[in-house]
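A look at the structure
Chain by chain, the residues run as shown.
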Amino acid sequence: MIAAMGRQRRRALAGLGVLLVTAPVLAHHSAAIFDSKRSVKLVGTVRLFQWTNPHCWIQVLVPGATAAAAKEWSVEMGSPSQLYRRGWRPGTLKPGDHVTVVIHPTKDGTPGGAFVSGIGPSGAPFEPPAAPRRP
Amino acid sequence: MSRGLAVALGLLSLSACTAMPAQRSSAERIRLFASLPDWTGLWEPKSSADSDNLSGGPAAGKSGPPVELFRKPPYRPEWERDMKAHPSRAANTPIRLCRDIPFPWRLELPFMFQVLVTPEETLFLYENGDVRHIYTDGRAHPRSEDLWPTAAGDSIGHWDGDTLVIDTIEVQSVDRVGGFSGQAHFTERVHRRDRNVLEDDLTVDDPARLAHPWHVRVRWTRVLDQDRMLPWDCEENDRNPIVNGKMTIASPRP
């Protein structure tokens, strides 16, 4: 299932344009290939979770109306270091896990996008911890 | 070996030795170590610490404080005109960042780093593998004929109390916003503002590009939610190849 999310995260993303102009928050490359004004919700199954540098990736199989219409999406994330800080681990996702992932899709229509948020196989959202751990 | 050649080599060796800072005794090094500030821990630019991009996607995030170095420096009018004539220079971020990130961009890019302070040099050890050497053993910059432009330039420094004063030259020219000419001279004063904040007062003197010397303050905050430096690599699984000048997404390798 794919659903557009036009307004839900507009407020959260309001400052994004400024940030992308002023700071390359993505250490490796710019985020210009993604449409930060659009959000798409993917509901599907994890085919592959790549815990790799410079980016982690979730390959999500999204079923279509017919078997032939099923599509695989490439969801790009931060680096393992960035994800680790928010509680992700190499085993957080496994092939076959059912997930819901919100992305900023590519501008050119390639089935892929930048990870924004998601709901894991347990039904709990992938949310960052409320506060950083203190040493 | 003839006696004459041996004497000549000996003199050459002596000459080379006298150009190097004097060796310190162990006791003296221990005393100096004890006098140096404690900057242990993991650090990151405050601008990236305040952004909300950690869990996620390349484009996920919210606006943090402005990144000072990517604000427009006070360029001379002729350089402004030159940049306008080359629109690609208006983009203030490189399309891809891996290694040898140019100074001073390096100061605010979202890579973690550690600082290793020794009597002889201070090293900034970055998550992406870059290392910045700041020699504090009293040496001068090498002679101009022994220098060539590099991403990090050549840095020497000294301690003014708990403040590290750094002098950097010979940085490769960067022709984008936030970049400077190869003649730029950088002076920094780095000190620990409090337990969790390092502050760097940077002054850029670049008459070729700037109308006047430019002062920028960069802050780094202690990383509190990660207990060790994790490896970062640009090429392990790079799925964003540039095709016809545009970044793309490649399928995962089988």
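Residues numbered from 1 in each chain as written. Chains lettered and ligands numbered in written order. Predicted model: local features only at pLDDT ≥ 70, side-chain atom pairs only at ≥ 80, totals over all residues. Heavy atoms only, no water.

A few words now on the overall build of chain B. Along the backbone of chain B there are four helices and eleven strands. Within chain B, the proportion of its 254 residues that are buried is 45%. Across chain B, contacts joining residues at least 24 apart in sequence account for 54% of those joining residues at least 6 apart. As displayed, chain B has an accessible area near 12900 Å², and 54% of this comes from carbon and sulfur atoms. (Helix = DSSP H or I, 4+ residues; strand = E, 2+ residues; numbered from the N terminus. Buried < 20%, exposed > 50% of the residue type's maximum accessible area, 1.4 Å probe, protein only. Contact = heavy atoms within 4.5 Å. Areas by Shrake-Rupley, 256 points an atom, 1.4 Å probe, with all protein chains shown as cover.)

With that settled, consider the packing of aromatic side chains. Under the defined criterion, the tally for this structure stands at 14 aromatic pairs over all chains. Taking 6.2 Å as the distance between ring centres and 65° as the angle between the ring planes, the aromatic pair formed by A:Phe49 and A:Trp51 counts as edge-to-face. You can call A:Phe49 buried: its relative accessible area is 11%. Seen in terms of ring centroids, B:Phe180 and B:Trp214 are 6.2 Å apart; in terms of plane orientation they differ by 45°. Their pairing is tilted. (Phe/Tyr/Trp six-rings, centres within 6.5 Å; stacked < 30°, edge-to-face > 60°.)

With 30 residues, the main nonpolar core has B:Val115, B:Phe186, B:Val204 and B:Trp220 as its most contacted residues. When residues of this core are traced back to their parent elements, those giving at least two are helix 4 (77–85), strand 2 (113–117), strand 3 (121–126), strand 6 (163–169), strand 7 (185–194), strand 8 (197–205) and strand 9 (214–222) of chain B. Ranked by residues supplied to this core, first place goes to strand 9 of chain B with four residues. Not counting residues up to four positions away in its chain, the partners in contact with B:Val115 are B:Trp39, B:Trp43, B:Thr122, B:Leu123, B:Phe124 and B:Leu198. Within the second largest apolar cluster, 19 residues are counted, among which are A:Phe49, A:Val62, A:Leu93 and A:Val99. (Core = buried A, V, L, I, M, F, W, Y, C linked by side-chain atoms within 4.5 Å.)

Turning our attention to helix 4 of chain B. Residues and elements named next belong to chain B. Within helix 4, the full set of buried residues consists of Trp79, Glu80 and Met83. When helix 4 is viewed along its axis, its buried side chains cluster within an angular range of 105° and face the same direction. Residues of helix 4 that are exposed and angled more than 90 degrees away from the buried face: Pro77, Arg81, Lys84 and Ala85. (Arc of directions from axis to C-beta.)

It is worth spelling out the confidence of the model for chain B at this point. Residue and element names in this part refer to chain B. Across chain B, the average pLDDT comes to 83, with 78% of residues at or above 70. In the model, residues 10–18 has pLDDT below 50 throughout and makes zero contacts with residues more than four positions away in sequence or in other chains. Overall, residues 51–66 carries pLDDT values under 50, and its contacts beyond four positions in sequence, including any with other chains, amount to 60 contacts. (pLDDT = per-residue confidence, 0-100.)

Moving on: the confidence of the model for chain A. When the pLDDT values of chain A are averaged, the result is 77; 70% of them are 70 or greater. In the predicted structure, residues 129–135 of chain A sits below a pLDDT of 50 and forms seven contacts with residues beyond four places in sequence or in another chain.

Looking now at the pairing of strand 3 (residues 57–62) of chain A. For a regular strand, side-chain orientation follows a simple rule: the groups alternate between the two sheet faces. Residue and element names in this part refer to chain A. Among the six residues of strand 3, five are classified as buried, and the element is accordingly described as predominantly covered. Bridge count between strand 2 (residues 40–50) and strand 3: five bridges; the pairing is antiparallel. Bridging across to strand 3, threonine 45 finds its partner in leucine 61. Joining the antiparallel neighbours strand 2 and strand 3 is a turn of six residues. (Pairing = 2+ DSSP bridges.)

Okay, the side chain of B:Thr118 next. Residues and elements named next belong to chain B. If you trace the backbone, threonine 118 turns up in the loop between strand 2 and strand 3. When its relative accessible area of 13% is taken as the criterion, threonine 118 is described as buried. Among the polar contacts made by the side chain of threonine 118, one reaches the main-chain carbonyl oxygen of glutamate 121 at a distance of 2.7 Å. With near-sequence residues (within four places) excluded, threonine 118 lies in contact with Phe33, Leu36 and Thr136. (Polar contact = N/O pair within 3.5 Å; in protein donor to acceptor, adjacent residues only side chain to side chain.)

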